[in-house]
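Next come the chains, spelled out residue by residue.
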Amino acid sequence: RPELRKILEEAKWAFTGFIDLCNHEVDKEKVITSERVVKLRDLCKRMPLKLIIPLQSQLTTGHSGDAVASELQTIHSIERDVEVMPSLQKPKKIVILSQTGHKHPFLCKPKDDLRKDSRMMEFNTMINRLLKRDEESRRRKLYVRTFAVLPLNEECGMIEWVSNVATFRGICDNLYRTHGMETKVSEIREIHTRGKKAGESKVTIYRDRMLPKFPPLFYRWFLNHFPQPNQWFQARTAYCKTTSVWSMVGSVVGLGDRHGENILYDSTTGDTVHVDFACLFDKGHTLEVPEVVPFRLTPNMRDALGLTGVEGVYRKSCETTMSVLRNSKDTLMGVLETFLHDPLIEWYRREHGEKWEAGRIMKKIERRLCGFIENENIPLSVEGQVQKLVSQATSQENLASMYIWWMPWL
C-alpha cells in the first residue's frame, strides 16, 4: 500500500532526525537552531507528516478502544529554536507543533537507555486500567500519572515534557532558603563526619542532628500554590492519593532510587509524578549502600499528608490500591514476565554484566502480590501488608541507614 509505505518512510526519517538531535554535540550554548542538526533539518523539509505526535494521551486507548483518526494530533512542524538543558548529558527540549497549532514539548535524551522507562509506563497504563475497572478505586479516583517515553535506540530517546512540575528536593531547598534555614552540602557532610567520630549511631545522627535542621515545610508549597481553600483541599487530596498509589506500585515491583530529584509535584493539580525507572526489581538492594525502605515516605512527605498523616486518605488509598493489585495478580505477573524475558533487556544484562535471575525476581513479586512481606512466611491481609510497608518506610532506623544523599531527613 503506497500510503503505508509513505508513513513508514516518514517514520524512518523522523527517527533518524531525532536521533541526530539527541546525539548532537553542544558546548556552552543554551539554545541551538534546528538547522544546525543536519538530519533534523532534512526532516523539517519533509513536514508536515502523517505521523501522530507520541503523546501519552494518543498512545493510550480509551474505554471504547476506538481511536478517531481525525482527532489525532500529527506532526506538522518543529519550532526553530531548540533549548539545551544544563545537566551533564545536555538533553535538548524540542517543541513539536500539531496540525491544529498546538505546541507539544519533548525532551530528547542522549546516552540514556529509556527502554526500561518505556516498559514501566506500559505497566502503569495497565495499572490505571485496573484501577478504573475496580468500583472502589474508581470511586476514589485513584490513578498513576503517566507520560510518553519513546526509546529511539538503546542509547537515546524522547520523553514527553511534563509541564508545571518541580522536584521534591528543589521544592524543599527553596522553602528552607526562603525561611532562612538553608543547610549547605558541606555542613551536612560535616555533621555526619562529626557524629561518626563521636561514636554516635546512625539513628542518633539522623534523629538528633539532622531532623532538627530540617523541620517539615513541604506543606507550605501547597499553601503557596493553592491559596483558595477548595483548591488547596483538592490538591492535597490529589497528593495523598497519587503518593499512595505510587507507594504500593513501587513496593510491588521493587522500585528504588527514589531520591528527591526523581519525585516531582504538579503545581496545577498537586499530583505526584515519578521519573527514572532504571532501579527496578529490587536493584536498590544491591547498591553500595543498600536501600532498606520499600518507598519514599520521609518526614516532609508525611507532614504534608495533613493532620491524619498516614491515616485517613493515604492509608485507605494504599489499601484500595494494594487490594486491586493483589486481585489482579495473574494479569500483572503476565505483563511483568514479558518485561523480564524481553530479549532487549537480556542484551542489557549481558552488556553490563549484571546478574539477573528472572525466576527469582518473579517469585518475589508473586509473593508480594499474595500478601507476603520480605523474610516472613505468613501472608498478611491487605490491611496488615499496608501497615507493615508503611512502618518500614517511616522507621527512623531504616531511614537512618539510607545513603546520605538520598536525604532521608527531607
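See the structure shown above.
Predicted model, so just to flag it, every value in this text is computed and none were measured.

Procedures and definitions
- Residues numbered from 1 in each chain as written.
- Predicted model: local features only at pLDDT ≥ 70, side-chain atom pairs only at ≥ 80, totals over all residues.
- Heavy atoms only, no water.
- Helix = DSSP H or I, 4+ residues; strand = E, 2+ residues; numbered from the N terminus.
- Salt bridge = Lys/Arg side-chain N within 4 Å of Asp/Glu carboxyl O.
- Axes fitted to C-alpha atoms, helices over the stretch in contact; angles between N-to-C directions.
- Left-handed = near helix turned anticlockwise from the far one by under 90°.
- Contact = heavy atoms within 4.5 Å.
- Nonpolar A, V, L, I, M, F, W, Y, C, P; charged D, E, K, R; others polar.
- Buried < 20%, exposed > 50% of the residue type's maximum accessible area, 1.4 Å probe, protein only.
- Pairing = 2+ DSSP bridges.

Enquirer: Hey, could you run me through unusual backbone geometry in this one?
Expert: Only a minority of non-glycine residues have a phi that is not negative, and only a minority of peptide bonds are not trans. Residue Pro48 follows Met47 across a cis peptide bond; omega there is 5 degrees. Checked against the element boundaries, Pro48 lands in the loop between α2 (38–45) and α3 (56–59). You will see that Asp257, though not glycine, has its phi angle at about 60 degrees, which is positive. Structurally, Asp257 is set in the loop between α10 (229–253) and β9 (263–266).

Enquirer: I'm lost on the pattern of salt bridges in this one. Help?
Expert: It is possible for side chains bearing opposite charge to pair when their charged atoms get close. Throughout the structure, instances matching the rule amount to 27 salt bridges. Taking the shortest distance from any N to any O, the salt bridge between Asp266 and Arg145 comes out at 3.0 Å. Of this pair, Asp266 sits in strand β9 while Arg145 sits in the loop between α5 (135–139) and β6 (149–151), placing them 121 residues apart in sequence. Through salt bridges with shared partners, a single network forms among Asp282, Lys364, Arg368 and Glu374.

Enquirer: I tried to follow the packing of helix α1 (residues 2–23) against α2 on my own but got confused; where do I start?
Expert: Relative to each other, α1 and α2 sit at 145 degrees, their axes nearing to 7 Å. With respect to the hand of their crossing, α1 and α2 are arranged in left-handed fashion. Each of Trp13, Ala14, Thr16, Gly17, Phe18, Asp20 and Leu21 in α1 lies in contact with α2, whose residues at this interface are Val38, Lys39, Leu40, Asp42 and Leu43. A breakdown of the residues in the contact of α1 with α2 according to their chemical character gives seven nonpolar, two polar and three charged.

Enquirer: Honestly, the pairing of strand β5 (residues 103–109) in this entry has me stumped. Any pointers?
Expert: Two faces, one strand: in a regular strand the side chains alternate between the faces of the sheet. With five of its seven residues buried, β5 lies for the most part within the structure. Connecting the antiparallel pair strand β4 (residues 92–98) and β5 is a turn made up of four residues, with Gly101 showing a positive phi of about 90 degrees. Summarising the sheet, β5 and strand β7 (residues 157–160) pair through four bridges and their orientation is antiparallel. Looking across to β7, one finds that Cys108 is bridged to Met158.

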